[in-house]
Amino acid sequence: MPLSLPDQAWQHSTIRQALRGREMGAVLRFVQHHTGASQTRLSMAIGMTQPRVNEIINGRREVNRLDVFERIADGLSMPDAARQILGLAAKRRALGGVAFDLAAWPEIVRVYESQDAAATEIQRAARSAGELDVLAVRGLGLLGLNSSLLRPHLDRDGDAPPRLRVLLLDPDSSAVAHRAAEIGESAESLAGGIRLAEARLRELAADGGVEVYRYRTLPVWRVIRIGPVLYVGAFDAGWEGHESATYKLVRTPSGPLWAGFRRLFDAMVEDSIRII
């Protein structure tokens, strides 16, 4: 069970100096002084043996590993100001003047074993989405065929279709041969599949609101953004993107994953060639 000191105790110049120098023996002695905790109680709080705590307190052992600093900070319930002096990331951040716990705002809200396992949910969301972003290799399974995952849900029976941005691998890039070898397919076949998807996307573009880009780097991520929700998988040797585990990401305050993938997509658009 973690120990706890009043926040004002962490403002003392002695402890701030010890944190700045990462002198964990001095930190533990300070905590003992202010809480009366025994070495055994300290060891239980920070997940160490009592002999190890004794060595640190008496200067016979130094702490150098980041995970140990984290464990000590957590066990002593260090406030963010103290954690940051120690060189650790804050556990809580302020949003609009209100502090919140980052761990209480998970971005990954669900993990599917494959894209197929998430298909029903993805299709349901696509029916009413105002915006769709797709990062794929050839995109046939997503958009290029009448039976593709998303294509049937882009026809709104007279209503305006969603804004659609699609990033596909450039069929003339060297990355095609690399990716084809990874999945045991010929480069000619893979490039032909990409061109077929592009042709089918030109049909959708007749109604407007469709942008298609070619990127030239080796495929890594497979991303479907439907409004504020991202579905993310990965490409690797031996499997296609739809066979990957699929992570459902939602936007949270200061969450790095959702923001990072959105930034990645926008940056790839800026660095790619628009063909439609």
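The preceding data block contains the structure.
These lines cover the structure that appears in this document, whether it is placed above or below. Model, not experiment: these values are computed from the prediction.

About the thresholds
- Residues numbered from 1 in each chain as written.
- Predicted model: local features only at pLDDT ≥ 70, side-chain atom pairs only at ≥ 80, totals over all residues.
- Heavy atoms only, no water.
- Buried < 20%, exposed > 50% of the residue type's maximum accessible area, 1.4 Å probe, protein only.
- Helix = DSSP H or I, 4+ residues; strand = E, 2+ residues; numbered from the N terminus.
- Contact = heavy atoms within 4.5 Å.
- Pairing = 2+ DSSP bridges.
- Axes fitted to C-alpha atoms, helices over the stretch in contact; angles between N-to-C directions.
- Core = buried A, V, L, I, M, F, W, Y, C linked by side-chain atoms within 4.5 Å.
- Salt bridge = Lys/Arg side-chain N within 4 Å of Asp/Glu carboxyl O.

Buried within helix α5 (residues 66-75) we find Val-68, Phe-69, Ile-72, Ala-73 and Gly-75. Looking at the buried side of α5, the elements it contacts are α2 (24-35), α3 (39-46) and α6 (80-86).

Strand order in the open sheet formed by eight strands is β3-β9-β8-β7-β4-β5-β6-β10, with mixed pairing between adjacent strands. Each of the sheet's edge strands pairs with one partner strand only, and the pair in question is β3 (108-112) and β10 (273-274). Across the sheet, helix α11 (residues 256-270) lies against β3, β4 (131-135), β5 (163-169), β6 (210-215), β7 (221-226), β8 (229-234) and β9 (246-250), angled at about 75° from β5, the strand it touches most.

This part covers unusual backbone geometry. A positive phi angle, near 55°, is found at Arg-22, a position not held by glycine. Considering the arrangement of structural elements, one finds Arg-22 in the loop between α1 (13-20) and α2. A relative accessible area of 33% means that Arg-22 is categorised as partly exposed. One non-glycine residue, Ser-77, lies in positive phi territory at about 50°. Mapped onto the elements, Ser-77 comes out in the loop between α5 and α6.

For the rest of this paragraph, the subject is the nonpolar core. In terms of nonpolar packing, the biggest core is built from 50 residues, with Leu-143, Leu-164 and Leu-201 touching the most fellow members. Per-element tally for this core: the top contributor is helix α10 (residues 187-205), with six residues. Excluding residues that lie within four positions of it along the chain, Leu-201 makes contacts with Leu-143, Arg-151, Leu-164, Val-166, Leu-168, Val-210, Val-212 and Ile-276. Counting 30 residues, the second-largest nonpolar core is a separate cluster that includes Trp-10, Ala-18, Met-24 and Val-31.

Before going further, it helps to examine the side chain of Ser-244. Among the secondary structure elements, Ser-244 is positioned in the loop between β8 and β9. Judged by its relative accessible area of 7%, Ser-244 is buried. Non-local contacts of Ser-244, meaning those with residues more than four positions away in its chain, are made with Glu-113, Ser-114, Gln-115, Gly-233, Ala-234 and Trp-239.

A few words now on the pattern of salt bridges. Applying the stated criterion to the full structure yields 22 salt bridges. Across the pair Arg-61 and Glu-55 runs a salt bridge whose closest N-O atoms are separated by 2.8 Å. Note that Arg-262 and Asp-266 form a salt bridge whose closest N and O atoms lie 3.7 Å from each other. Taken as a pair, Arg-262 and Asp-266 lie in helix α11 at a separation of four residues, close to a single helical turn. Note on Asp-266: relative accessible area 29%, which makes it partly exposed. Linked by salt bridges that have partners in common, Glu-131, Asp-133, Arg-165, Arg-225, Arg-262 and Asp-266 make up one network.

Turning our eyes to something else, we now look at the pairing of β7. The element β7 is largely enclosed, with a buried count of five among its six residues. In this structure, β4 lies alongside β7, joined through four bridges in antiparallel fashion. Following the sheet pairing, Asp-133 is matched in β7 by Arg-225. One ladder, built from six bridges, connects β7 with β8; its direction is antiparallel. Note that in β8 the partner of Ile-226 across the bridge is Val-229. Counting the residues that bridge the hairpin from β7 to β8 gives two residues, and of these Gly-227 lies at a positive phi of roughly 60°.

Such coordinate-based values are descriptive only and should not be taken to indicate function.
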